[in-house]
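Chain residues, written in single-letter form:
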Amino acid sequence: MENQSNEAPVAAAAAAEVSSTSVSLTAQPAEPTKRSLRVLTWKKIQEGKVGIGFNGIFNRIPAFVDADKAAALLIQEEEFKKAQHIKVNIDRALHDFKELSMLANKAVYLPSTRDSPALCLKVDVPADATDDQKKEALRVQDIQKFRSEIGLDSNLKLDLVVIGSVVVSRDGYRIGRGNGFADLDIGLLIELGVITPETAIVTIVHDVQVVDTLPVNLFQKYDTPVDIIVTPTEVIRVSKRLPRPSGVFWELLSERRLKILPVLQQLKEQLEKSGKKITLKEEDTDIEQHQNSRRRRGPLRRRFQRGNPGRTTSQTDNEQQGDNGQKRTPRRKGRFINRRRRTNKSEGDQSGVEVGVKSEDRKFDEGGAGERRPKKKNRPHRDFCVKLTNLTRDIRVKDLKTELRKRECNPLSITWKGHFGKCFLHFGNRNGAPSTQDDVDKVLKSLNDLSLTITTGGGESAPAAGAEEPPAESANAPMQTKTINVNVELLKFGVKKNAGGNTSAGEGGNANVNGEDGSATNVGEGGASRIESVDTTTV
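Predicted model, so just to flag it, every value in this text is computed and none were measured.

Colleague: Break down the overall build of the protein chain for me, with residues and values.
Modeller: Across its full length, the protein chain holds 15 helices and 19 strands. Buried positions account for 38% of the 539 residues belonging to the protein chain. For the protein chain, the share of sequence-separated contacts (at least 6 apart) that also reach a separation of at least 24 residues comes to 70%. Carbon and sulfur atoms make up 47% of the accessible area of the protein chain, which totals about 33400 Å².

Printed below as a string of structure tokens:
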């Protein structure tokens, strides 16, 4: 509920009504808002290099360095020593305090998940659990393990509540991340009597997050103040406790917010059964993002490239920019684009460059139009290629390599296209001499009746390269062994198509070894200039 926007000052509206003939006045500084104070604090943490994580500062409760020192100071206070039931939020900055509380044999409670009707979750560990087991219990995400749900009808009384903050003042005012769920959780616990006047509310922050004062007009009746502020260097006690929320303010909640938090819907039904009339907010004006409405970010190569802000422009950005109308500078595109023009046959003859020569071997102008690309490592010349088809998606390239080693068949390289059901084996003499017909016959003989035996099911076999992952149900399928017959087809380099587009095996084109017939086949896909290497590995 912190996200409710504040009304613009009347003075700002009056200053906007200036006639076109009047002299322009100097712009007055805008009054601070909760959002501007958050952004200012996040920038201070980033510039001071006291934050933790690449994306762990902005738009969240920031994690900071020396949080363990702040937790060590808090456990020395009298409020912690007397407390038996402690509720801690799930912010990363509070993790060290949760571990120390577990090691001190305190009853630790965590917020429930949003789709759970429970009020909170209690961390359950055996009485004889070791320190490592207690720490591990905090890292478990499954609520069915080391967690027990606390319902609305429990008689729980909390002694200490520890929450995170973005900005906090020494007189007890607190600003959170902006979604309002922390304030709503505190109001719910007060409504049920779980938080009593004797319960101390503490926040753990870094020193740069503490300010002397905050504008009082920014805070409403639902905002939660704090009693104790703990930093890595000091413990600040609020001299005069500020008034806390009296409970849940139903008139400020929308029907959608109740659907997000089932525990609120359950409490509403209980109160209505008891005779209390509850009226919700008719218009949904909550600013926090709806579920599944957040725009999915692109791949990592696009998210973290230079000049990319990493997130879309939102109301947060508009509020931060203010009325000056400044916009982000668009990312500059690359100025130098290498667009190599492929010469045709006539141009090649005129320039003295032979058609078909590789681009890295072409000579550049003496004027230095560009630098020559570095040549690739010398590879043995590939004389002929064998195409394997009828491959299934659950066949991996290592299965093929294992079978080739058994048959003493050693190609120079493998072009793997398992997701298309085929691959190419490239052969040639490693000493540079051209392959003979005996070499070709030897390879075809070793690949005669080629078949692959694979094991599927049991969650052990990984999907083939480029294939989609199997569904979760197939991970538990029983293990099965199956044999797949592979079709072998010989492709010779340098063979051109005839007028009909086909060439016979006797002319040195293709030879179908394991195919169903020995008829002529098309070499359009197997030519040296037509095979694009996807995953070339040496056996």
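Anyway, onward from the coordinates.
Colleague: Requested: an account of helix H2 (residues 34-47), with residues and values cited.
Modeller: In a regular helix each residue adds 1.5 Å, so 14 residues correspond to 20 Å; H2 covers 20 Å between its end C-alpha atoms and thus fits that length. Within H2, burial applies to Lys34, Arg35, Leu37, Arg38, Val39, Thr41, Trp42 and Ile45. Two residues or fewer past H2, Lys49 is found with a positive phi of approximately 55°.

Colleague: Pulling in residues and values, what's your account of the packing of helix H7 (residues 181-191) against helix H9 (residues 262-273)?
Modeller: Relative to each other, H7 and H9 sit at 30°, their axes nearing to 12 Å. The angle between H7 and H9 places the two elements in the roughly parallel class. Where H7 crosses over H9, the two elements pack in a sense that is left-handed. Where H7 approaches H9, its residues Leu184, Leu188 and Glu191 are matched on the opposing element by Val263, Leu264, Leu267 and Leu271. Split into classes, the residues belonging to the contact of H7 with H9 amount to 6 nonpolar, no polar and 1 charged.

Colleague: Describe the packing of aromatic side chains, and please don't skip the residues or the numbers.
Modeller: In total, this model carries 4 aromatic pairs according to the counting rule given. Measuring from centroid to centroid gives 5.7 Å for Phe80 and Phe97, while their planes differ by 65°, and the two rings are edge-to-face. With a gap of 17 residues between them, Phe80 in helix H4 (residues 78-82) and Phe97 in helix H5 (residues 95-103) connect regions that are remote in the sequence. For the pair formed by Phe80 and Phe97, the shared burial category is buried.

Colleague: Please give an account of the nonpolar core that cites residues and values.
Modeller: The biggest cluster of nonpolar side chains holds 37 residues, and the ones touching the most others in it are Leu158, Trp250 and Leu264. Elements that contribute at least two residues to this core include exactly strand S2 (107-111), strand S5 (160-163), H7, helix H8 (255-260) and H9. Top contributing element to this core by residue count: H7, with 6 residues. Apart from residues no more than four positions distant in its own chain, Trp250 is found in contact with Leu258, Leu264, Leu267, Lys268, Leu271, Lys276, Ile278, Thr279, Leu280 and Lys281. Grouped together as the second largest cluster of nonpolar side chains are 24 residues, Cys423, Phe427, Leu444 and Leu447 included.

Colleague: Hey, could you go over the sheet that holds strand S7 (residues 174-175) for me, with residue numbers and the actual values?
Modeller: The mixed open sheet is built from 3 strands, whose spatial order is S7-S6-S9. Both outer strands of the open sheet, S7 and strand S9 (210-211), are each paired with one neighbouring strand and no more. Note: strand S6 (residues 167-169) against S7, 2 bridges, orientation antiparallel. Each bridged residue has a counterpart across the sheet, and for Val167 the counterpart in S7 is Ile175.

The rules behind the values
- Residues numbered from 1 in each chain as written.
- Predicted model: local features only at pLDDT ≥ 70, side-chain atom pairs only at ≥ 80, totals over all residues.
- Heavy atoms only, no water.
- Helix = DSSP H or I, 4+ residues; strand = E, 2+ residues; numbered from the N terminus.
- Buried < 20%, exposed > 50% of the residue type's maximum accessible area, 1.4 Å probe, protein only.
- Contact = heavy atoms within 4.5 Å.
- Areas by Shrake-Rupley, 256 points an atom, 1.4 Å probe, with all protein chains shown as cover.
- Expected span 1.5 Å × (residues − 1).
- Axes fitted to C-alpha atoms, helices over the stretch in contact; angles between N-to-C directions.
- Parallel < 35°, antiparallel > 145°, perpendicular 65-115°, else oblique.
- Left-handed = near helix turned anticlockwise from the far one by under 90°.
- Nonpolar A, V, L, I, M, F, W, Y, C, P; charged D, E, K, R; others polar.
- Phe/Tyr/Trp six-rings, centres within 6.5 Å; stacked < 30°, edge-to-face > 60°.
- Core = buried A, V, L, I, M, F, W, Y, C linked by side-chain atoms within 4.5 Å.
- Pairing = 2+ DSSP bridges.

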